[in-house]
Amino acid sequence: MKKIHIKKGDNVYVNAGNDKGKTGKVLEVIPSKDLVVVEGVNMISRHTKPNAKAPQGGIIKREAGIHVSNVQLLDPSSTAANPVPTKVGFKVVDGKKIRYAKKSGEEIK
């Protein structure tokens, strides 16, 4: 299993697939399958029976996983109007390994 450079809570840009060009926040990372679940991206319809969560039942829209190779981290210095995807780099600062955006060199929180 390879290391995934994207973590829960990161803002990402979708660079392939039906939702190409969209941006969103990572809700979940599934490293065993190399998938990430991104808010508002790759929406699917689930037909559910009535239960405690959905007493009415019916068709529920939710996000499905998207392969990690189809998303790129957004540069923290980019604006919402002009999102700039970037690669992730690692460096050691004061004995701690941190992630940084390769485009701007800015640290990723």
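For the structure, check the block above.
Let me sum up the structure you'll find in this document. (Residues numbered from 1 in each chain as written. Predicted model: local features only at pLDDT ≥ 70, side-chain atom pairs only at ≥ 80, totals over all residues. Heavy atoms only, no water.)

Some remarks on the sheet that holds strand β2 (residues 23-30)
If you walk across this open sheet you meet the six strands as β6-β3-β2-β1-β7-β8, and the pairing is antiparallel. The open sheet has two edge strands with one neighbour each: β6 (65-67) and β8 (85-86). Bridge count for strand β1 (residues 11-14) against strand β7 (residues 71-74) is three bridges, and the pairing is antiparallel. For Y13, the partnering residue across the bridge sits in β7 and is Q72. (Pairing = 2+ DSSP bridges. Helix = DSSP H or I, 4+ residues; strand = E, 2+ residues; numbered from the N terminus.)

With respect to the nonpolar core
Counting 14 residues, the largest nonpolar core has I6, V12, V36, V38, I66 and V71 as the members making the most contacts within it. Listed by contribution, the elements that provide at least two residues to this core are β1, β3 (35-38) and β7. Once residues within four sequence positions are removed from consideration, V36 is found in contact with I6, V26, E28, V29, A64, G65, I66, V68 and V71. (Core = buried A, V, L, I, M, F, W, Y, C linked by side-chain atoms within 4.5 Å. Buried < 20%, exposed > 50% of the residue type's maximum accessible area, 1.4 Å probe, protein only. Contact = heavy atoms within 4.5 Å.)

As for unusual backbone geometry
The backbone phi angle of N42 is positive, close to 60 degrees, even though this residue is not glycine. Inspection of the secondary structure puts N42 in the loop between β3 and β4 (43-48). Of note in this structure, D94 is not a glycine but carries a positive phi near 55 degrees. Of note, D94 is situated in the loop between β9 (88-93) and β10 (96-101). Overall, D94 belongs to the exposed group, its relative accessible area being 77%.

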